[in-house]
Amino acid sequence: MGKLSKLPKIYLTVVFIILYAPIFYLIFYSFNSGGGMSDFESFSLEHYGAVFEDTRLLVILINTIVVALLSALVSTAIGVLGAVAILFMRNKAMRNAVLSLNNILIVSPDVIIGASFLILFTLIGVKLGFASVLISHIAFSIPIVVIMVLPKLQEMSPSLIDAALDLGATKRDVLTRVIIPFIKPGILAGFFLALTYSLDDFAVTFFVTGNGFSTLSVEIYSMARAGITLTINALSGLIFLVTVVLVIGYYMISRKTKSPLAGVRK
Amino acid sequence: MNNKPLRPLYTVPYAAWIILFVIAPIALIVYYSFFDLAGNLTLDNYKSFFSSVYLKLTISSFWYAFLITFFSLLFAYPTAYFLTKTKHKQLWLLLIIIPSWINLLLKTYAFIGLFGLYGPINALLEVMGIGEQQILFTDFSFVFVSVYIFIPFMILPIFNALDKLNHTLIDASRDLGANAWTTFSRVIWPLTLNGVKSGIQVVFIPALSLFMITRLIAGNKVITLGTAIEQQFLVTQNWGMGSTIAVFLILFMFIIMLITNGKEKGASNNGKTK
């Protein structure tokens, strides 16, 4: 607070206003008894009621959350293993090659990931639907986890492991008591980013989803193309609420894990 | 290290992922690019890519991606810089990230209302005496919404780079008589260049391939390489031509990665491994 002078404060305020304006605009009109996003008639919860009455929409909402949680869990597990594998790679050229391969999916445009996965699934006979969407989300989240975990692993001094071994720790102890606590912030960050990527993904899902299965993004896309419906607004209000709760939870966890780590690092 | 017996355990799942979901999909895209609609082996797709239609499309796609990246960087750098100066910087950074957690489609949908003819922006313009403007379905709205969507991803790497910056270097620069601008251009900017480069990477390449925003906000006026691929794959069902455009998009992606990665690796290796 004290460090910032006036102009930067104004700048940041404007940035925050622009970032949040569309979201609050959506939420504001979700309480509109009218049908559009221009004239606010009177306060009403009817659109929220509509969300909860729409079983199809609720199923899609649950689909989206299940896919996000499952894909984040699996991709975090594989990603952490991958980061360890890269760390222990002796051959520098090999390590760089693997890192480049790792980054391909991060920088690949969604459209290419979607299109190529569509070809892949069609070829090996994976039915388009829940399975193909879940597998794709796991696949494109793994490199993000690796990127979040690897720097933490590299930051860890090898003498820390040597010290633990000298003090009589088993390999298992080294992993659970030294390595994992040390890289925990990276793992958490990776998990939450994977969650974000999955919840946010539209393009890849759009390609690999079949007729019977849909996620929120795909559904909103088809609704938005048809025009403005305030059900989408009500939905965005609910999503925003959940997001804020999640973020507060994440912030609490990361603060708790950070304080002892800060001591270790110094 | 001495983890030999454990090695397969942590290597196999990750290696399988690389082969199945990184190498195989690219190989399949390249393979399919040589087939026409009837399933014959041909180079026709490549010939038509170099026709004026697709060349124009590529150039305009690059131009929009450049604009989007440029404005993202222009607004993201000061934001990231000021954020590192705030007291609870991690919390503020989190607040920047929250909007990126809100579904991409919802944010885009919000702009349909905001920029609409009867939306608040037009109402404001009316009050200011400028009068009603067609904002939706223009180049401006397309670039604005894209920057809005991408800017958190530009802020994040720059923030991390700035946050890692050793403050004694800035103090040293000041002590040696450099003014604020010199300190920025000679010390801060070069040391955070890696963050800027990865920011450019995560904005420019997706910007080349947007298709949802073009449909919803630009009203099909802007066609990017992404729109073309989506069209070929899902509407025309011409996987061959779609793959060919994808091959070129992958090529562009590699070129951009080479440009933005080249120095970064050397620098980080110098600092870290030895």
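Quantities reported herein were computed from a predicted structural model and do not represent experimental measurements.

### Observations concerning the confidence of the model for chain A
Scored by pLDDT, chain A comes out at a mean of 86, with 94% of its residues at no less than 70. pLDDT under 50 marks residues 259-266 of chain A. Its contacts with residues more than four places away, or in other chains, come to six contacts.

### Remarks on the environment of I213 of chain B
Structurally, the position occupied by I213 of chain B is in helix α10 (residues 212-216). Since its relative accessible area comes to 0%, I213 of chain B is described here as buried.

### Examining the packing of helix α5 (residues 104-114) of chain B against helix α7 (residues 139-164) of chain B
Residues and elements named next belong to chain B. Here α5 crosses α7 at 145°, and the two axes come no closer than 11 Å. In the crossing of α5 with α7, the sense of the turn from one axis to the other is right-handed. Facing L104, K107, T108 and F111 of α5, the residues of α7 in contact are F144, V145, Y148 and I149. Its residues placed into classes, the contact of α5 with α7 shows six nonpolar, one polar and one charged.

### Some words on unusual backbone geometry
Residues and elements named next belong to chain B. Non-glycine residue F137 carries a positive phi angle of around 65°. Tracing the backbone shows F137 in the loop between α6 (120-127) and α7. Take F137: its relative accessible area is 35%, and that puts it in the partly exposed class. Although it is not a glycine, Q237 adopts a positive phi angle of roughly 60°. Residue position: Q237 is located in the loop between α11 (225-235) and α12 (239-272).

### Digging into the packing of aromatic side chains
For any pair of aromatic rings, the description consists of the separation of the ring centres together with the inter-plane angle of the planes. Applying the stated criterion across every chain yields a total of 50 aromatic pairs over all chains. Arranged with centres 5.7 Å apart and planes meeting at 85°, the rings of F49 of chain B and F50 of chain B form a pair that is edge-to-face. Among the aromatic residues, ring-to-ring pairing joins F202, F206, F207 and Y221 of chain A together with Y31, Y32, F35, F211, F233 and W239 of chain B into one connected group.

Scoring rules and cut-offs
Residues numbered from 1 in each chain as written. Chains lettered and ligands numbered in written order. Predicted model: local features only at pLDDT ≥ 70, side-chain atom pairs only at ≥ 80, totals over all residues. Heavy atoms only, no water. pLDDT = per-residue confidence, 0-100. Contact = heavy atoms within 4.5 Å. Helix = DSSP H or I, 4+ residues; strand = E, 2+ residues; numbered from the N terminus. Buried < 20%, exposed > 50% of the residue type's maximum accessible area, 1.4 Å probe, protein only. Axes fitted to C-alpha atoms, helices over the stretch in contact; angles between N-to-C directions. Left-handed = near helix turned anticlockwise from the far one by under 90°. Nonpolar A, V, L, I, M, F, W, Y, C, P; charged D, E, K, R; others polar. Phe/Tyr/Trp six-rings, centres within 6.5 Å; stacked < 30°, edge-to-face > 60°.

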